[in-house]
Each structure stands twice: as structure tokens, then as C-alpha cells.
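# Per-entry structural report
So the chains spell out like this:
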Amino acid sequence: ETTVSTSTATLPKSAAHPVDIRAIYEHYVAVYATRDVEEIKKNHSVDSRFWLHNGGKPVVGRDAIAQTFAETFRLWPQTGFEVYRTIFHERGWILDWAMTAILKGPDGSDRPVRFDALDVVDVDEAGLVCRKDTFIDSTQVKAAFSAASA
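Residues numbered from 1 in each chain as written. Predicted model: local features only at pLDDT ≥ 70, side-chain atom pairs only at ≥ 80, totals over all residues. Heavy atoms only, no water.

### Structural notes on the environment of Tyr 25
Locating Tyr 25 in the fold gives a position in helix 1 (residues 21-34). Judged by relative accessible area, which is 10%, Tyr 25 ranks as buried. Put simply, Tyr 25 and Val 121 are 96 residues apart on the chain and 9.3 Å apart in space, counted from C-alpha to C-alpha. Aside from chain neighbours lying at most four places away, what touches Tyr 25 is Val 83, Thr 86, Phe 88, Trp 93 and Leu 95. A polar contact of 3.0 Å, which involves the side chain of Tyr 25, links it to the side chain of Thr 86. (Helix = DSSP H or I, 4+ residues; strand = E, 2+ residues; numbered from the N terminus. Buried < 20%, exposed > 50% of the residue type's maximum accessible area, 1.4 Å probe, protein only. Contact = heavy atoms within 4.5 Å. Polar contact = N/O pair within 3.5 Å; in protein donor to acceptor, adjacent residues only side chain to side chain.)

Structure follows, in C-alpha cells:
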């Protein structure tokens, strides 16, 4: 049986995977918002895999993931997130969201940008993120960069 609301869908927990996915998600999102890569890293399994689907390869391991997120935060110092919806399932969640950011234009002015993304997150039996795939709308990203550089 599936329970559906306007913002989330939740599948029941299975006996084989008795972790509270919603609580793990809420903690993960709160920690991620702090941009503290050492704290974010603690929420990933030792062999966790993160893949930003933008033409690159997956990053494997807590330390490599922490380095990747640190670089992302360095490149995008003024970011925000708008969540459209979250769909929970017994082993993780799917997050439909937009990234907002401020980029500097050629004249030094602030240029707001945004693009849509989708995270598919798997959680292991210990309640740690073991895989996170992020898909970005590359057309929106290109348009955002183009508008910011005009």
C-alpha cells in the first residue's frame, strides 16, 4: 500500500530495511544546508558513491565525496535550494529540486541563476547514504551561465 500526499509519496518500511528513511532524509538535508563537508561525510557509508551526471564519472568513498562537495561549495559560494517534492521509498528517496545561486556578471554585478535537478538517493541498512546520483537540467545550466555572462 502506498500513501500519497501533495508533496511526498511514501512506501512502507520493510522488515529487511527497518530504518526511518524520512528521518534520515531530514537530517541529511539539514546537514547539507550547513555546507559542512565533514558533517556531510558522516552521513555517507565508507564506500558510498556520488555521481553528478554532467559528463563526469562517479566519485567513490567518503573522503572523495567530501572533496567533491567542498569544491562545489567553493565554486558556488552563494547557493540555495528549493524543493519541489520528495518521494520516499523503503531504501531512500528521490528529491526533485532547484539550485539557486548568485554568479558574478562581467561587470561585477550579482546575477541570480537557477536550474532544476533530481537526486536519487539509496540508504544502506545502517542508515547511511550509500549512493547518490544527481541529474541536472543541462539546458537550464547553459542558459543560466549564458545569462550571467551577458
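### Thoughts on the pattern of salt bridges
A complete count under the given rule lists 11 salt bridges for this structure. Close ionic contact of Lys 132 with Asp 119 constitutes a salt bridge, the shortest N to O distance being 3.9 Å. Taken as a pair, Lys 132 in strand 8 (residues 129-136) and Asp 119 in strand 7 (residues 110-123) lie far apart in primary sequence, 13 residues in all. Asp 119 carries the same exposure label as Lys 132, and that label is buried. Among the salt bridges present, the one from Arg 131 reaches Asp 133, with a minimum N-O distance of 2.6 Å. (Salt bridge = Lys/Arg side-chain N within 4 Å of Asp/Glu carboxyl O.)

### Regarding the side chain of Asp 96
Residue placement: Asp 96 occurs in strand 6 (residues 92-104). Overall, Asp 96 belongs to the buried group, its relative accessible area being 18%. Every residue in contact with Asp 96, bar those within four places of it in the chain, is listed here: Glu 82, Val 83, Tyr 84, Arg 85, Ala 117 and Leu 118.

### Considering the nonpolar core
Across soluble globular proteins, nonpolar side chains have a tendency to be buried as a group. Counting residues in hydrophobic clusters, the biggest one holds 32 residues, and the most contacted among them are Tyr 28, Ile 40, Phe 69, Trp 76, Trp 93 and Val 113. Those elements giving two or more residues to this core turn out to be helix 1, helix 2 (37-42), helix 3 (62-75), strand 6, strand 7 and helix 4 (138-149). Leaving out residues up to four positions away in the same chain, Val 113 has contacts with Trp 76, Met 99, Thr 100, Ala 101, Leu 103, Ala 144 and Ala 148. (Core = buried A, V, L, I, M, F, W, Y, C linked by side-chain atoms within 4.5 Å.)

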